[in-house]
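# Observations on the three-dimensional arrangement
Each chain, letter by letter, is given below.
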Amino acid sequence: MLKKLRIERFKSIYEQEIDFGKVNLLVGPNGSGKSNLLEALGILAAALSSGIDQTTLDLKGVRLSLPHLFKSAFKNHDLPKTFRLEAEFENGRYNCSIRSGLGSPFLEFASEALYDGEHQVFGRSAHGVRLHSVANDVPSFNKELVPSTRSVWSVIDPLVKISSELRRELDEFARFAIYAPQTAVMRGLAIDQRVVEPLGLTGSGLASALATVKRQSEEHFYKLMEIIWEPGWADKVLTGPFNAEVVPTQVRSEGLVLYIRDRFMKNNRNMLSAYDASEGTLYLIFVATLLAHHLTPPIFALDNIDGTLNPKLVRKLSRHVLDAVCAPDRSEKSQAFMTSHHPSSLDSFDIFDENHCIFVCSRDRAGPVSGRTNIRKLRPPANTTRDDWILKHGGRNLSELMLNDRIPGVL
């Protein structure tokens, strides 16, 4: 599990160090840097999987900006040569500095280092690559042949010995991706060409993924699918071949098609395809399927957990994600990151539980770097009990405190 992340000079994040829990919610105004934090995680995952080429970044859900736009460019400050990311896991740490020139077509590694506990595995700098604790594993390794867009770890991973605990953490984090389902894709009006398992980052392949989840375990399937019925109108979800009597011809089928039964309609007119179903229900099906599928990355992000949902459903879906990720039968390394603009998303979190983390993102209006993203963990004051907190705030929940501007920076 990722315990801590340090970011320097990346987009609007000038310098931040963040401690994470199992489920992490980022809230704050539009443009405050929430998605930038998710993309920093995506770049780290790309580095640990194969490299920071555009194809790999795209598969992680990172927006393909011009390379020089990844670096901070604050007024009255020199343009940095690199941005830096440092990740601390439970059993080791990895850091990298990444450069891009104004006319450069891609990002490149300036430096890298991986530590297994306190032992350095490798290092990379302007002077080349140096293998430290694993030098004897690959004595004939040609360090000059590692491309500047590819991480050293992605090349030496199969060849070297590190602790099994750290290897598992690196492998799990390398699968990280940012999901941002889009209604047009889930309806079948567009197809996302980014092929990832088990779901496309914007919702492609939803019907096939749902069919796989149902085959895995009926009991597990129905438990995790309960959130789908919350809107009240649907009582069954199926997958099947294209049915021209139900599915409009403009739908671009990817094989299986998603069908949803409206319990209020007549038997011969009660089946809807994803094209005609409510977008909120499609979003719930996407998240439920993502949580239930055995191929879902153990560490993932959902950009805009509120989607198109009403306040009650936002709260219930946030609770659903918390319960699923923190469930006793789920890997202890599971971890989720979410962004939201909706106050109701906060009410599912227990800020006295270290596994539940809410971060308030805002842009500083003053200080040494005006406009930088400030990321602050929402925590009770030291030595405050739950009863103290309730008494101080008159029993108000977090959404009420947010709307009343009692949480600094969140609005």
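Since the model is a prediction, treat every value here as computed from it, not as a measurement. (Residues numbered from 1 in each chain as written. Predicted model: local features only at pLDDT ≥ 70, side-chain atom pairs only at ≥ 80, totals over all residues. Heavy atoms only, no water.)

### Looking at the overall build of the protein chain
Put simply, the rule reads: Helical segments are the DSSP runs of H or I of at least four residues, strand segments are the runs of E of at least two, and each set is numbered from the N terminus. Here the term buried applies to any residue with accessible area under 20% of the maximum for its type, exposed to any over 50%, and partly exposed to those in between, with areas from a 1.4 Å probe on protein chains only. Residues count as neighbours in contact if any of their non-hydrogen atoms are within 4.5 Å of one another. Values of accessible area rely on a 1.4 Å probe in the Shrake-Rupley scheme; residue burial ignores everything except the protein chains shown. Charged residues are defined here as Lys and Arg on the positive side and Asp and Glu on the negative side; His and the ends of the chain fall outside this count. By convention, the point assigned to a charge is CZ for Arg, NZ for Lys, CD for Glu and CG for Asp.
Tallying secondary structure elements over the protein chain gives eleven helices and 16 strands in all. Here the C-alpha coordinates of the protein chain stretch approximately 75 × 55 × 40 Å along the principal axes. Counting the 411 residues in the protein chain, one finds 51% classified as buried. Considering only contacts within the protein chain whose residues lie at least 6 apart along the sequence, 63% involve residues at least 24 apart. Of the accessible surface of the protein chain, which amounts to about 18,900 Å², a share of 48% is contributed by carbon and sulfur atoms. Distance between charge centroids for the protein chain: 3 Å, based on 50 positive and 48 negative side chains.

### Observations concerning unusual backbone geometry
Note on backbone geometry: most residues besides glycine have negative phi, and most peptide bonds are trans. A positive phi angle is found at Lys11, which is not glycine, with a value near 50°. With respect to the element layout, Lys11 can be found in the loop between strand 1 (2-10) and strand 2 (13-19). Given a relative accessible area of 12%, Lys11 falls into the buried group. With a phi angle near 65°, Asn76 is a residue other than glycine that sits in the positive phi range. Residue placement: Asn76 occurs in the loop between helix 2 (54-59) and strand 4 (82-89). For Asn76, a relative accessible area of 81% gives the class exposed.

### Quick notes on the side chain of Glu169
Defined as follows: We define a polar contact as two N or O atoms separated by no more than 3.5 Å, with the added condition that, inside protein, one atom must be a possible hydrogen donor and the other a possible acceptor, whereas residues neighbouring each other in sequence contribute only through side-chain atom pairs.
Looking at where Glu169 falls in the secondary structure, it is placed in helix 4 (residues 164-174). Reaching out from Glu169, the side chain makes a polar contact with the backbone nitrogen of Met1 at a distance of 2.9 Å.

### Points about the sheet that holds strand 10 (residues 234-240)
The condition is simple: Pairing between strands is defined by DSSP: at least two bridges between the two strands are required. Axis angles are defined between N-to-C directions and span 0 to 180 degrees, where every axis is a line fitted to C-alpha atoms and, for a helix, only to the segment in contact.
Taken together, three strands build an open sheet; the order of strands is 10-11-12 and the sheet is antiparallel. Both outer strands of the open sheet, strand 10 and strand 12 (271-273), are each paired with one neighbouring strand and no more. Direction aside, neighbouring strands of the sheet carry axes that sit 30° apart on average. Note: strand 11 (residues 257-262) against strand 12, three bridges, orientation antiparallel. Each residue of the ladder has a partner; that of Tyr259, found in strand 12, is Ser273. Across the face of the sheet, helix 8 (residues 279-292) comes into contact with strand 10 and strand 11 while running at roughly 120° to strand 11.

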